[in-house]
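These are the residues of each chain, in order.
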Amino acid sequence: MTKRLPRNKQLIIIGGGASGLAASCIAAKHGIDTLLIEKNSKLARKLLASGNGRCNLLNAGEPIYFGDSKFAKSVLNNCSFNRLVEFFNSLGLVLKQEEGGRIYPTTGRADTVLDCLLRPTKNSSVSINLNERAKSIEPLDTSFKLVTDKSEYICDNLLIAGGSIASPKLGGTKDMYNMLMPLGFNMVAPKPALCGIDCDMKPYISLDGTRLMAICTLVCDDKPIATSIGEVLFSKRGLSGVCIMQLARFLPGNTENCHIYLDFSPTLGIDYCNKHKASNINMPFDMGLVKPSDIYKNTQIALDFLQSRLTILNKEDILLGALPSKLARICTKNSLNETAKAVTALKFCGLSPRGFEHAQVAAGGISTKNIDPSTMQTVYSNLYISGETLNVDGDCGGYNLMFAFASGILAAMHVAGKY
Ligand SMILES: Cc1cc2nc3c(=O)[nH]c(=O)nc-3n(C[C@H](O)[C@H](O)[C@H](O)COP(=O)(O)OP(=O)(O)OC[C@H]3O[C@@H](n4cnc5c(N)ncnc54)[C@H](O)[C@@H]3O)c2cc1C
């Protein structure tokens, strides 16, 4: 038996994640009669897992987005970093900035962020239904009908904030795509982004468990596609670590002619920043994505480095003390030239992204064409879409949560302006 609500809601929000909760705070502040529907028994499971439980919720630097990146930047012009900081300050959340502009709560705990987001909704015009899954939506004359697995509702305004297909264990579903496509919305096929990359590790099995700074370049059809710098984690199944995760979104559907090359110049102690001043890379090596670089760029520098070490070490031990011994063994080749190539362009084949189960976000999603970046209003004037459901994905570093918060806030502000 389905239960019909006694009266229309002014706003229904589908999804109790970052975006839906930010919207609910605004709705509560303006006294908008709101119902938030969340299919899980707990709210915001991705937010709670974010930043290894520390919640890297914003980034103070230049926005770095993919997919409909212009749209994302426009959203963040309309709800700027400073405005988001004010929003969290108004909730009582104390923030701190770390390396690379990453913003965290000072408690270092994601649950503090959730507590603050929930505070305005207590004893307010917002009610929250857990364990209820939205199934379908239907536009009516001046309202929307929502069918869930428990009930049917009519609302004046509907905000779709149900996230993406990524990380299903934490709530990811295809539901939002399935609900929106019958209404004429286009979708850019989602693919896993920000995840580890499986590769043929047979030649490198001894490296299992090793962590090391490297410059990582994805090369497809002999063309450098993307370069990222940071700590790489080696396992039996492949490569991971933030810098590898950042490359995943660039993998094409067919990865047959794609390889990852690792350059260990930073670990070799080569004066990386100075040597790169002449090139298009001039950032410190902990800065993440940089412009795609040629894979043998540092080989000559490494050769000079190796030659200088011949004065203190014999040829077999030339990498001793410069790389972990297992890696040194793999890279030490007969000729110095070959060794220099191996330490600056160690090749990994058989690439495949680790899949949605392990992806922090989905690249792709509902196209933002015909969505207003200042209000998140769609062609249906009472239907709004926010957060990761959209074809926007950000780089590692707080950009994804930042977009989710900003877009949720803008949508709820626009709804509030109607009353
Ligand atoms: C492990 C991990 C670590 C991450 N770390 C960071 C980080 O440090 N910084 C950062 O910026 N980003 C991080 N992200 C990404 C970030 O968490 C997401 O981009 C962000 O949570 C998206 O917000 P959202 O509100 O759009 O979607 P979500 O947070 O996914 O919220 C959507 C909600 O809708 C619910 N839902 C789905 N379908 C239905 C339905 N049919 N009916 C009702 N409810 C439904 C889901 O259960 C979920 O609670 C991380 C993600 C993961 C998985």
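Just above sits the structure.
It should be emphasised that the depicted structure is a prediction, and the values quoted were computed from it without experimental measurement.

Engineer: What am I meant to see in the site of the ligand here?
Structural biologist: The full set close to the ligand counts 36 residues, and Ser19, Glu38, Asp175, Glu388 and Leu401 are the nearest of them. A distance of 2.9 Å separates a nitrogen atom of the ligand from a polar atom in the backbone of asparagine 56. A distance of 2.9 Å is found between a nitrogen atom of the ligand and a backbone nitrogen or oxygen belonging to alanine 134. Coverage of the ligand by the protein chains reaches 95% of its 990 Å² of free accessible surface. Elements that contribute at least two residues to the shell around the ligand include exactly helix 1 (18-29), helix 2 (45-49), helix 6 (175-180) and helix 13 (399-417). When residues of the shell around the ligand are assigned to their parent elements, the largest contribution, four residues, is made by helix 13. Taken together, the residues that form the shell around the ligand break down as twelve nonpolar, 17 polar and seven charged.

Engineer: How should I be thinking about the sheet that holds strand 4 (residues 58-59) in this particular structure?
Structural biologist: Strand pairing in a sheet takes place through backbone hydrogen bonds and is either antiparallel or parallel in direction. Reading across from one edge, 4-7-6 is the order of the three strands in this open sheet, with antiparallel pairing throughout. The open sheet terminates on both sides in strands that have one partner only, identified here as strand 4 and strand 6 (95-97). Two strands pair when backbone bridges link them, and strand 6 and strand 7 (residues 102-105) are joined in this way by three bridges, in the antiparallel orientation. For lysine 96, the partnering residue across the bridge sits in strand 7 and is tyrosine 104.

Engineer: Can you help me understand the packing of aromatic side chains in this one?
Structural biologist: Two aromatic rings are characterised by how far apart their centres lie and by the angle between their planes. Counted under the stated rule, the structure contains nine aromatic pairs. Taking the centre distance of 5.0 Å and the plane angle of 75 degrees together, the rings of phenylalanine 87 and phenylalanine 88 count as edge-to-face. A relative accessible area of 10% places phenylalanine 87 in the buried class. Accessibility expressed as a relative area gives 0% for phenylalanine 88, which makes it buried. With 4.9 Å between their ring centres and 75 degrees between their planes, phenylalanine 88 and phenylalanine 405 make a pair best called edge-to-face. Pair noted here: phenylalanine 88 is in helix 4 (residues 81-90) and phenylalanine 405 is in helix 13, with a separation of 317 residues, a long-range link. A relative accessible area of 0% means that phenylalanine 405 is categorised as buried. One aromatic cluster is present, built from ring pairs that chain together Tyr65, Tyr399 and Phe403. Above the face of the tyrosine 296 ring, lysine 341 is positioned so that its terminal group lies 5.7 Å from the ring centre.

Scoring rules and cut-offs
Residues numbered from 1 in each chain as written. Predicted model: local features only at pLDDT ≥ 70, side-chain atom pairs only at ≥ 80, totals over all residues. Heavy atoms only, no water. Near = heavy atom within 4 Å. Polar contact = N/O pair within 3.5 Å; in protein donor to acceptor, adjacent residues only side chain to side chain. Areas by Shrake-Rupley, 256 points an atom, 1.4 Å probe, with all protein chains shown as cover. Helix = DSSP H or I, 4+ residues; strand = E, 2+ residues; numbered from the N terminus. Nonpolar A, V, L, I, M, F, W, Y, C, P; charged D, E, K, R; others polar. Pairing = 2+ DSSP bridges. Phe/Tyr/Trp six-rings, centres within 6.5 Å; stacked < 30°, edge-to-face > 60°. Buried < 20%, exposed > 50% of the residue type's maximum accessible area, 1.4 Å probe, protein only. Lys NZ or Arg CZ within 6 Å of the ring centre and 35° of its normal.

As far as function goes, none of this settles anything; it's purely spatial.
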